[in-house]
Amino acid sequence: MSDSPVTCVVVDDEASVRAVVARVLEGAGYRVFQAGSAAEALRLLEREHAHVELVISDLQMPAMDGAQLLQRVRHRWPHVGTMIVTAVSELKTAVELLQAGAYDYITKPFDVDEVVARVRQALDKRRLVSENRSYQLHLAELVRQQAVRIEELFLEAVQMLVQALEAKDAYTRGHSARVSAYAGGTARAMGLTDGDVEVIELGAELHDVGKIGVRESVLLKPSRLTEEEYRHIMEHTVIGAGILAPLFKNAPQALAIVRSHHERLDGKGVPDGLAGDQVPLYARVVCVADAFDAMTSGRTYRGARSPKEAVAELAANAGSQFDPAVVEAFVRAHEGDAKRLPIVTPQVVRRRLPEGIAWTPVGAG
Ligand SMILES: [Fe+2]
């Protein structure tokens, strides 16, 4: 606050009354503007509102009355305090105005000391209100900063998990980031929202985190896996969901990606044997991205396939393993080598799906 005097506006249609109040307040050290009507007061505030701290208005005035004026002032310039001048007979209305937010009222005829005391009180109240308001604003900013920090910590924790996995398994190095990029592109091609895309990218980044819990002899085995070893490696879906559950309390859909990215449309996947629409959509998106990257990166016992071969494989398994609408969106999002994709219609998919599995194409076309 500056040292300049506190500024008040006195509004009254009777010049003599206005002058009395103004003189009393000026005597107490305040700077006073006078207005002969509500309209004049509003014009004045339009110009001077940055300096005005209090509007003291008569209740009964022609055209716009004091109650309407104070309501407008509070709405337009909430930092300006308001007071009513009223005859004793209007006290009921004065009380109603107090309930509506006016700080106080002064009764006519005036007692000079009382006027000054009431104005001082109203200004004190106004100061408290505005301090409280700036405290609230400060608090809101603080909460916002904390939320940003919590999100940063969360993403750092996620990065640590991915790094821990990649340190253990050379194959996953870069795999998580690539799958995340493929899945994000596919989700966008399906017309999903930015929020959906973000969740899918996050879930994709973490989809294999559960491999931290897979025996290295199995995880790093250079030759084909036995059935028992394959089952063990596939436990990474459940292990990953278990590791992330406490961290992902607020992102159940990302968690579903981790658990369900090896489910199949025909119900023959792991870990839950979900079928058709039961497989979470986000997991279906990541599943296709994951398979494409697995095929094109190649493991030690099997050479990498070309993107074109990989897409042909995706298309051949659309409807049984993969969601055809997702495969179609994946190809659309990553066109280039993969242009000649066999067309997979919903009718073909229904023929491939075992009886009784519901499947609704999402975002295709
Ligand atoms: Fe996986």
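Higher on the page you've got the structure.
Quantities reported herein were computed from a predicted structural model and do not represent experimental measurements.

Draft legend 1. Structural detail: the packing of helix α6 (residues 175–189) against helix α7 (residues 194–205). Packing of α6 against α7 leaves a shortest axis separation of 8 Å and a crossing angle of 155°. One element, α6, and the other, α7, form an angle in the roughly antiparallel class. Here α6 and α7 pass one another in a crossing that is right-handed. For the pair α6 and α7, the contacting residues are Ser176, Val179, Ser180, Ala183, Gly184, Ala187 and Arg188 in the first and Val197, Ile200, Glu201, Ala204 and Glu205 in the second. Considered class by class, the residues forming the contact of α6 with α7 number 6 nonpolar, 3 polar and 3 charged.

Draft legend 2. A look at a nonpolar patch on the surface. Taken together, the side chains of Tyr135, Leu139, Leu142 and Val143 define a hydrophobic patch exposed on the protein surface, amounting to about 360 Å² of accessible area. With a relative accessible area of 37%, leucine 142 lands in the partly exposed category.

Draft legend 3. A look at the nonpolar core. Counting residues in each nonpolar core, the largest one holds 30 residues, and the members touching the most others are Ile200, Leu314 and Phe330. Those elements giving two or more residues to this core turn out to be α6, α7, α12 (281–297), α13 (307–316) and α14 (324–333). At 10 residues, the largest contribution of residues to this core is made by α12. Listed in part, the 24 residues of the second largest apolar core include Phe33, Ala35, Val52 and Leu70.

Draft legend 4. Structural detail: the coordination of the iron ion. Within the protein, Asp208 (OD), His236 (NE2), His261 (NE2) and His262 (NE2) serve as the donor atoms for the iron ion, at 2.1 to 2.4 Å. In this structure, the iron ion is surrounded by 4 donor atoms whose angles at the metal cover 84 to 172°, and the resulting shape is irregular. One chain supplies every donor for the iron ion, spaced along it as D-x27-H-x24-H-H. With aspartate 208 in the loop between α7 and α8 (216–219) and histidine 261 in the loop between α11 (252–260) and α12, this pair connects stretches of sequence that are 53 residues apart. Taking the relative accessible area as the measure of exposure, histidine 261 reaches 1% and is therefore buried.

Draft legend 5. Up close: unusual backbone geometry. With an omega of -5°, the peptide bond between lysine 108 and proline 109 qualifies as cis. Mapped onto the secondary structure, proline 109 falls in the loop between β5 (104–108) and α5 (112–168). Going from valine 270 to proline 271, the amide bond is cis rather than trans, its omega being 0°. Position of proline 271 among the secondary structure elements: in the loop between α11 and α12. The backbone phi angle of alanine 63 is positive, close to 55°, even though this residue is not glycine. Along the chain, alanine 63 falls in the loop between β3 (52–58) and α3 (66–76).

Draft legend 6. Local environment of the packing of aromatic side chains. In this structure the tally under the stated criterion is 4 aromatic pairs. Taking 5.3 Å as the distance between ring centres and 50° as the angle between the ring planes, the aromatic pair formed by phenylalanine 154 and phenylalanine 248 counts as tilted. Here the residue phenylalanine 154 occupies a position in helix α5, and phenylalanine 248 occupies one in the loop between α10 (236–244) and α11, the gap between them amounting to 94 residues. Measuring from centroid to centroid gives 5.1 Å for tyrosine 182 and phenylalanine 292, while their planes differ by 85°, and the two rings are edge-to-face. Of the two residues, tyrosine 182 sits in helix α6 while phenylalanine 292 sits in helix α12, which places them 110 residues apart along the sequence. Comparing tyrosine 182 with phenylalanine 292 shows no difference in burial state: the two are buried. Grouped by ring-pair contacts, the aromatic residues Tyr182, Phe292 and Phe330 constitute a single cluster. If you follow arginine 118 out to its NZ or CZ, it ends over the ring of tyrosine 105, 5.4 Å from the centre.

Draft legend 7. Highlighting the pattern of salt bridges. Per the stated rule, a full pass over the model turns up 23 salt bridges. Its salt-bridge partner being arginine 127, residue aspartate 124 comes within 3.7 Å of it at the nearest N-O pair. In this pair, aspartate 124 and arginine 127 both sit in helix α5, 3 residues apart, roughly one turn of the helix. Residue class for arginine 127 comes out partly exposed when judged on its relative accessible area of 40%.

Draft legend 8. Region of the structure containing the packing of α6 against α14. The geometry of α6 relative to α14 is characterised by a closest axis approach of 8 Å and an angle of 105° between their N-to-C directions. By the angle between their axes, α6 is roughly perpendicular relative to α14. Where α6 approaches α14, its residues Tyr182, Gly185, Thr186 and Ala189 are matched on the opposing element by Val326, Ala329, Phe330, Arg332 and Ala333. Split by residue class, the contact of α6 with α14 holds 6 nonpolar, 2 polar and 1 charged.

Cut-offs and rules
- Residues numbered from 1 in each chain as written.
- Predicted model: local features only at pLDDT ≥ 70, side-chain atom pairs only at ≥ 80, totals over all residues.
- Heavy atoms only, no water.
- Axes fitted to C-alpha atoms, helices over the stretch in contact; angles between N-to-C directions.
- Helix = DSSP H or I, 4+ residues; strand = E, 2+ residues; numbered from the N terminus.
- Parallel < 35°, antiparallel > 145°, perpendicular 65-115°, else oblique.
- Left-handed = near helix turned anticlockwise from the far one by under 90°.
- Contact = heavy atoms within 4.5 Å.
- Nonpolar A, V, L, I, M, F, W, Y, C, P; charged D, E, K, R; others polar.
- Patch = residues over 30% accessible without salt bridge, like charges linked within 9 Å, V, L, I, M, F, W, Y side chains within 5 Å.
- Areas by Shrake-Rupley, 256 points an atom, 1.4 Å probe, with all protein chains shown as cover.
- Salt bridge = Lys/Arg side-chain N within 4 Å of Asp/Glu carboxyl O.
- Buried < 20%, exposed > 50% of the residue type's maximum accessible area, 1.4 Å probe, protein only.
- Core = buried A, V, L, I, M, F, W, Y, C linked by side-chain atoms within 4.5 Å.
- Donors = N, O, S within 2.8 Å, 3.2 Å for Na, K, Ca; no water.
- Tetrahedral: all angles 85-135°; square planar, octahedral: opposite > 155°, others 65-115°.
- Phe/Tyr/Trp six-rings, centres within 6.5 Å; stacked < 30°, edge-to-face > 60°.
- Lys NZ or Arg CZ within 6 Å of the ring centre and 35° of its normal.

That's the geometry; what it means functionally is another story.
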